[in-house]
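# Per-entry structural report
Each chain, letter by letter, is given below.
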Amino acid sequence: MFTIDTHTHIIPKNLPDFSKKFGYGEFITLDHHAQGRAWMVQGNKRFREITDNCWDPLVRIEEMKQHKADMQVICTIPVMFSYWAKAKDCLEVSQFLNDDIATTVNNHPDKFIGLATVPMQDASLAIKELERCMKNGYKGVQIGSNVNDLNLSEPQFDEFFAACEKLNAAILVHPWQMMGQEHMAKYWLPWLVGMPAEISRAICSMIFGGVFEKYKNLKVCFAHGGGSFLPTISRIEHGWDCRPDLVAIDNPINPKEYLGKFWVDSHVCDHKMLQYIIDLVGADKVVQGSDYPFPLGEAVPGELVRTAPLSNENKEIIMGSAAKTWLSL
Ligand code: CO
């Protein structure tokens, strides 16, 4: 079974001190404090500890053998998006990250597929960087679930989505800067509550804002099984039905009509939930995604799908062929 893990993160081993360079902000730096281990540092806070599988392609390839993963889609860690920075500085950070991913992909083209990061706070710079990356073998782009609290339905993103459609760039929407995080830091709630809500926010915004109507060939995949969108789709439809004056103001179409028109990854941590999302969007719109190499991701990427009570045909679709369609491989 040919397997593509569509949701994995990578970071360059060495990051410039962008805060020092630009003279402001809390850009991430890496503190390699022990062999194969580094702290991601934001300002003076330790944000997360990472290990060498986060930056070393050879370590990743070794682990992919153990996990029976043939290929990984690699993209940056969302905290690196830096949409809050000045656009030209964010472009510089993005280019640094993208060049590192391009090197990894070019050195191991049979193992890795690249998704770019772009300065979403400035559509024209974002489009330029996406064009540069797509010329260099990238298959698409990873974007945040919001851009500095703006929803993806805002007109300022239209040009960017038009460019993605024109360039045939796959889009991975990943949660970040989780809503309400300043009010719920305890118990890791931004990750456990905020992340699923962020993805539902992104899908609802794109549906109700008519983004999928304007750009019918857009190839969007939403992380974490589409977050809380699919589990609450009937409530969302009910809201659209009972208060069209609030919900259906920019797009009259029932949100359920969009099921099967975008992809979601398989990282839902539960066989029944996996079956449920397959029932809603179709196996050909579910791609295996693990969130490797982070602890909240799948410990053994692909295991949920491999051990699920699904037909072999559906497993093959989810483990590989659905991703080939999403990424136009
Ligand atoms: Co992720």
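Each chain carries its own residue numbering, running from 1 in the direction its sequence is written. Reporting in this predicted model follows two pLDDT cut-offs: at least 70 for local features of residues, and 80 or more for side-chain atom pairs to be given and counted; totals over whole chains, interfaces and linings ignore these cut-offs and use all residues. To get the side-chain values, all heavy atoms of the structure are used, and hydrogens and water are removed first.

## Description of the overall build of the protein chain
Numbered from the N terminus, helices here are DSSP runs of H or I no shorter than four residues, and strands are runs of E no shorter than two. Each helix and strand in the protein chain was counted, giving twelve helices and eleven strands. Computed over C-alpha atoms, the radius of gyration of the protein chain comes to 19 Å, within 12% of the 20 Å expected from 2.2 N^0.38 for 329 residues, which places it in the range of a compact globule. Its C-alpha atoms put the protein chain at 55 × 45 × 45 Å along the principal axes. Burial status follows relative accessibility: with a 1.4 Å probe on protein chains alone, a residue under 20% of its type maximum counts as buried, one over 50% as exposed, and anything between as partly exposed. Looking at the protein chain as a whole, 57% of its 329 residues are labelled buried. In what follows, residue pairs with any heavy atoms lying within 4.5 Å of each other are defined as contacts. Partitioning the contacts of the protein chain with sequence separation of at least 6, the portion at a separation of at least 24 is 69%. The accessible surface values rely on the Shrake-Rupley method and a 1.4 Å probe; as for residues, cover is taken only from the protein chains in view. Just so you have it, the protein chain exposes about 14200 Å², and 52% of that area is on carbon and sulfur atoms. For the purpose of counting charges, residues Lys and Arg are taken to be positive, whereas Asp and Glu are taken to be negative. His and the chain ends are not included. To locate a charge, take NZ of a lysine, CZ of an arginine, CG of an aspartate or CD of a glutamate. Each charge class in the protein chain can be summarised by its mean position, and for the 32 positive and 40 negative side chains these summaries are 2 Å apart. With the radius of gyration taken over C-alpha atoms, the globule rule is written as 2.2 Å times the number of residues to the power 0.38.

## What about the sheet that holds strand β4 (residues 45-51)?
Paired strands are those between which DSSP finds at least two bridges. Taken in spatial order, the three strands of this open sheet run β2-β3-β4, and their pairing is antiparallel. Across the chains shown, the open sheet's two edge strands, defined by having one partner strand only, are β2 (28-34) and β4. The average angle at which neighbouring strand axes cross in this sheet is 30°, direction not considered. As paired strands, strand β3 (residues 37-42) and β4 are joined by six bridges and run antiparallel to one another. Paired with Gln42 across the two strands is Lys45, which belongs to β4. A fitted line through C-alpha atoms represents every axis, and for helices the fit uses only the stretch in contact; the resulting angles, taken between N-to-C directions, go from 0 to 180 degrees.

## Some thoughts on the pattern of salt bridges
Between Lys or Arg on one side and Asp or Glu on the other, a salt bridge is scored when a side-chain nitrogen of the former is within 4 Å of a carboxyl oxygen of the latter. Enumeration according to the criterion identifies twelve salt bridges in this entry. The residue Lys214 makes a salt bridge to Asp158 at a minimum N-O spacing of 3.2 Å. Here Lys214, found in helix α7 (residues 211-214), pairs with Asp158, found in helix α5 (residues 158-167); they are 56 residues apart in sequence, far enough to count as distant. Taking relative accessible area as the criterion, Lys214 reaches 41% and is therefore assigned partly exposed. On the basis of relative accessibility, which here comes to 18%, the residue Asp158 falls in the buried class. As a salt-bridge pair, Glu237 and Lys256 come within 3.1 Å of each other at their nearest N and O atoms. Taken together, the residues Glu237 in helix α8 (residues 233-242) and Lys256 in the loop between α9 (244-247) and β10 (263-265) connect sequence positions 19 residues apart. On the basis of relative accessibility, which here comes to 22%, the residue Glu237 falls in the partly exposed class. In this structure Lys256 comes out as partly exposed when scored by relative accessible area, which is 30%. The network of salt bridges with shared partners includes Asp99, Glu129 and Arg132.

## Section: the environment of Gly114
Mapped onto the secondary structure, Gly114 falls in strand β6 (residues 112-116). Each residue touching Gly114, except ones within four places of it in the same chain, is listed here: Ile74, Ile101, Val105, Tyr138, Lys139 and Gly140.

## Details of the coordination of the cobalt ion
The expected angle between donors at a tetrahedral four-coordinate metal is 109.5 degrees. At an octahedral six-coordinate metal it is 90 or 180 degrees. Within the protein, His7 (NE2), His9 (NE2), His174 (NE2) and Asp291 (OD) serve as the donor atoms for the cobalt ion, at 2.0 Å. Given four donor atoms and angles of 85 to 164° at the metal, the environment of the cobalt ion is assigned as irregular. Mapped onto the sequence, the donors of the cobalt ion take the spacing H-x1-H-x164-H-x116-D. Of this pair, His9 sits in strand β1 (residues 4-9) while Asp291 is found in the loop between β11 (286-287) and α11 (303-306), placing the two residues 282 residues apart along the sequence. The exposure classification of His9 matches that of Asp291, with both residues buried. Donor atoms (N, O, S) are those found within 2.8 Å of the metal centre, with the cutoff raised to 3.2 Å for Na, K and Ca; water is not part of the atom list, so apparent gaps in a site can occur. Labels for metal geometry use angle windows, namely 85 to 135 degrees for all angles of a four-donor tetrahedral site, and for square planar (four donors) or octahedral (six donors) sites opposite donors over 155 degrees apart plus all others within 65 to 115; sites meeting none of these are irregular.

## Examining helix α3 (residues 87-107)
By this rule, a helix spans an expected 1.5 Å times one less than how many residues it contains. Between the first and last C-alpha of α3 there are 30 Å, a value that for 21 residues agrees with the 30 Å anticipated at 1.5 Å per step. Buried within α3 are the following residues: Ala87, Asp89, Cys90, Leu91, Val93, Ser94, Leu97, Asn98, Ile101, Ala102, Thr104 and Val105. Buried residues along α3 sit against α1 (18-22), α2 (57-67), β5 (71-75), β6 and α4 (123-135).

## Description of unusual backbone geometry
Residue Pro293 is reached from Tyr292 by a cis peptide bond, and omega for that bond is 5°. The backbone of Tyr187 shows a phi angle near 65°, a positive value even though the residue is not glycine. With a relative accessible area of 61%, Tyr187 lands in the exposed category. For Asp291, which is not glycine, the phi dihedral falls at a positive 65°.

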